[in-house]
Structures are given as C-alpha cells and as structure tokens.
Amino acid sequence: GKSMVKIAAEKAGIIKEPKQNVVLAPQVKLVSQIFEKRCRKFLIQPRVVKPRVDLKTNLLGAHQQVNISTALGVIDCLREKGYDISVSAVQRAVKNIFWPGRLEIMGRKPMLIIDGAHNLDSVEKLIQSVKGIIGTKKVILIFSAAKDKDVKGMLNRLKRISDTIILAQMNHPRSFVFTRELSGMIAPNVASAVKLALAQAKKDDVILVTGSLFLVSEVRKLWFN
C-alpha cells in the first residue's frame, strides 16, 4: 500500500479468528477505525496500549516508548495465556535492548547517527528525535532510498534539519537513481558519500545517515571494517 490507510488495511489481514489477541499502539483515527472494524468482525476486544514514559531503555526517540509499550502489551497477553514471563526478565530486556540502525550513534566527533527512516512517517519521527538529541548543531545528511519510495517527500521534510545533503547512489537493484533535479550533492556510491561527509564535518557537527535500510547497512559495514 502507498497510503497509511491502505497499509493498515493490509496489516489488519492478520486478524482472522476470534481466539486471537490484538494489541494496538496509538494510531491516527482513520487507522484505528480499520483495526477496530476488523476486530469487531471476529468479536475481538483489542487491547489499546498507552506509552509508558517511565521506561528506562537504551533506545533513543520518543516513538520507541510506544514500540516498547506495545511489546509489553503482548507480554501481558502471553501471561494471561499461561506463559511465565517474570518482571525482572522484562526489565532487563527493556533496559539492555539494542536495535542496530535505529537512531544508532556510531561516532562522537563528529557525531555519526544512522537511522533507517524509509517513509514519511518514520522521517517525521526521526526529525523530532534528532532535534531532541543534537539541539541546534549543524547536520550533514547522507540520504538514499529505494525507487518505490516518496523520495521527494522525504527530502523536503529532511531539509528542515539540514541544508547540506549528500545523495548516495546505492549499489542495489532497488536503488533510486538520483538526478540533478533533486537538491543535494550526488555521490557515486555509499563509501564516497561517507568520505565527503567526513571531509566537510567539523568535530561538533552531526552526520546523519538515513533513508533505506540498505544504506544504513552499508554504512555500518564501512564503519566497522
């Protein structure tokens, strides 16, 4: 699906029998209505979770509180079905969780952050989170995306936090092919994009790598090799 409503309708398809438990994170009204209607069809009362702001976790970004709260809602359902999941085990898991490529800080001077924000909604969440992490520091952006994504829409939003954009041409069959119509410097490959960003960045600047998860994966490999 290319819209939030169509995506929600497809995802709701996993709800298919009355014995299922359904845990819903907070959603916009139209999306909530789709899941609620599907639940009614099978006489299911969904469990709607609320973000638990007191959670201590290594994951950055306010949206991760929602994700973790949803996971805890699933754990509550499993306990009701007889699974023995201790409070201490859950606390350890939440505290020590590590999610590569999701607001992952790779370096400090300059700060290098990678995040696989590959649609408009995740880009909005990324922007909100980055502002809280780095404040007013200058951002050098490395971006790439798959050809079926809303590249222009994502770039227009990302311009709110960066006026230095490097468009990295990925070595992947699904890669979007960048042209000069899009604002930004075009790098022939991911390695060149990283070198260009490092050459321009001062120690107090931030290099933000985002867009395709393929891009994030390539940068992680380059960084550790």
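In the block above lies the structure referred to throughout.
Read on for an overview of the structure. (Residues numbered from 1 in each chain as written. Predicted model: local features only at pLDDT ≥ 70, side-chain atom pairs only at ≥ 80, totals over all residues. Heavy atoms only, no water.)

Looking now at the environment of Ile-97. Along the chain, Ile-97 falls in the loop between α4 (87-96) and β3 (104-108). For the pair Ile-97 and Thr-57, spaced 40 residues apart in the sequence, the C-alpha separation amounts to 7.0 Å. Once residues within four sequence positions are removed from consideration, Ile-97 is found in contact with Thr-57, Asn-58 and Leu-59. (Helix = DSSP H or I, 4+ residues; strand = E, 2+ residues; numbered from the N terminus. Contact = heavy atoms within 4.5 Å.)

With that out of the way, let us pick up the side chain of Asp-115. Its place among the elements puts Asp-115 in strand β4 (residues 111-115). Here Asp-115 is buried and forms no salt bridge, its nearest opposite-charge partner Arg-102 lying at an N-O distance of 4.9 Å. With residues near it in sequence (within four places) discarded, Asp-115 still touches Gly-101, Arg-102, Leu-103, Leu-126, Val-209, Thr-210, Gly-211 and Val-216. (Buried < 20%, exposed > 50% of the residue type's maximum accessible area, 1.4 Å probe, protein only. Lys, Arg positive; Asp, Glu negative; His and termini not counted. Salt bridge = Lys/Arg side-chain N within 4 Å of Asp/Glu carboxyl O.)

Attention now goes to the nonpolar core. Soluble, globular proteins show a tendency: their nonpolar side chains are buried together. If you look at the biggest cluster of nonpolar residues, it comprises 24 residues, and the most contacted ones within it are Phe-143, Leu-158 and Leu-208. Going through the elements one at a time, β4, α5 (120-134), β5 (139-144), α6 (151-158), β6 (164-168) and β8 (206-211) are the ones with two or more residues in this core. The element that contributes the greatest number of residues to this core is α5, accounting for 5 residues. Beyond its immediate chain neighbours, meaning those up to four positions away, Leu-208 contacts Ile-113, Leu-126, Val-130, Val-139, Ile-140, Leu-141, Ile-142 and Ile-161. If you look at the next biggest cluster of nonpolar residues, it comprises 19 residues, including Ala-168, Met-170, Ala-187 and Val-209. (Core = buried A, V, L, I, M, F, W, Y, C linked by side-chain atoms within 4.5 Å.)

Its location among the elements puts Asp-205 in the loop between α7 (190-200) and β8. It turns out Asp-205 is buried and unbridged, and the closest side chain with the opposite charge, Lys-138, is 4.8 Å from it. Engagement of the side chain of Asp-205 in a polar contact is seen with the backbone nitrogen of Lys-202, the distance being 2.9 Å. Setting aside residues up to four positions removed in sequence, Asp-205 forms contacts with Pro-110, Met-111, Lys-138 and Gln-200. (Polar contact = N/O pair within 3.5 Å; in protein donor to acceptor, adjacent residues only side chain to side chain.)

This part is about unusual backbone geometry. Cis geometry is adopted by the peptide bond preceding Pro-110, which originates at Lys-109 and carries an omega value of 0°. Secondary-structure assignment places Pro-110 in the loop between β3 and β4. Despite not being glycine, Leu-43 has its phi angle at roughly 55°, a positive value. Following the sequence through the fold, Leu-43 ends up in the loop between α2 (29-41) and β2 (47-48). Exposure remark for Leu-43: the relative accessible area of 79% places this residue in the exposed category. At Leu-103, a residue that is not glycine, the phi angle is positive and equals roughly 45°. Note that Leu-103 resides in the loop between α4 and β3. Looking at Leu-103, the relative accessible area reads 4%, which means it is buried.

Paired through backbone hydrogen bonds, the strands of a sheet run either parallel or antiparallel to each other. Spatial ordering of the open sheet is given by β3-β4-β8-β5-β6-β7, a layout of 6 strands whose pairing is mixed. The open sheet is flanked by β3 and β7 (185-187), the only strands paired with a single partner. On average, each strand axis in the sheet is tilted by 20° relative to the strand beside it, whichever way the strands run. Sheet strands touched by α6: β5, β6 and β8. Its angle to β5, the strand with the most contacts, is close to 175°. Against the sheet, α7 contacts β5, β6, β7 and β8, and its axis sits at roughly 160° relative to β6. (Pairing = 2+ DSSP bridges. Axes fitted to C-alpha atoms, helices over the stretch in contact; angles between N-to-C directions.)

As a further point, take the packing of α5 against α6. Relative orientation of the contacting elements α5 and α6 amounts to 15°, with a least axis distance of 10 Å. Considering their axes alone, α5 and α6 lie roughly parallel with respect to each other. In the packing of α5 onto α6, the handedness of the crossing is right-handed. Only Gly-153, Met-154, Arg-157 and Leu-158 of α6 make contact with α5, whose side of the interface consists of Leu-120, Val-123, Glu-124, Leu-126 and Ile-127. Of the residues belonging to the contact of α5 with α6, the class tally is 6 nonpolar, 1 polar and 2 charged. (Parallel < 35°, antiparallel > 145°, perpendicular 65-115°, else oblique. Left-handed = near helix turned anticlockwise from the far one by under 90°. Nonpolar A, V, L, I, M, F, W, Y, C, P; charged D, E, K, R; others polar.)

What follows covers the pairing of β4. Counting buried residues along β4, 5 of its 5 residues qualify, which places the element largely inside the surrounding structure. Of the two faces of β4, the one holding Met-111, Ile-113 and Asp-115 and the one holding Leu-112 and Ile-114 are both buried throughout. Bridging between β3 and β4 involves 4 bridges; their strand directions are antiparallel. Counterpart to Arg-108 in the pairing with β4 is Met-111. Between the end of β3 and the start of β4, which pair antiparallel, lie 2 residues. Strand direction decides the pairing type here: β4 and β8, joined by 5 bridges, are parallel. Bridge pairing links Leu-112 to Ile-207 in β8.

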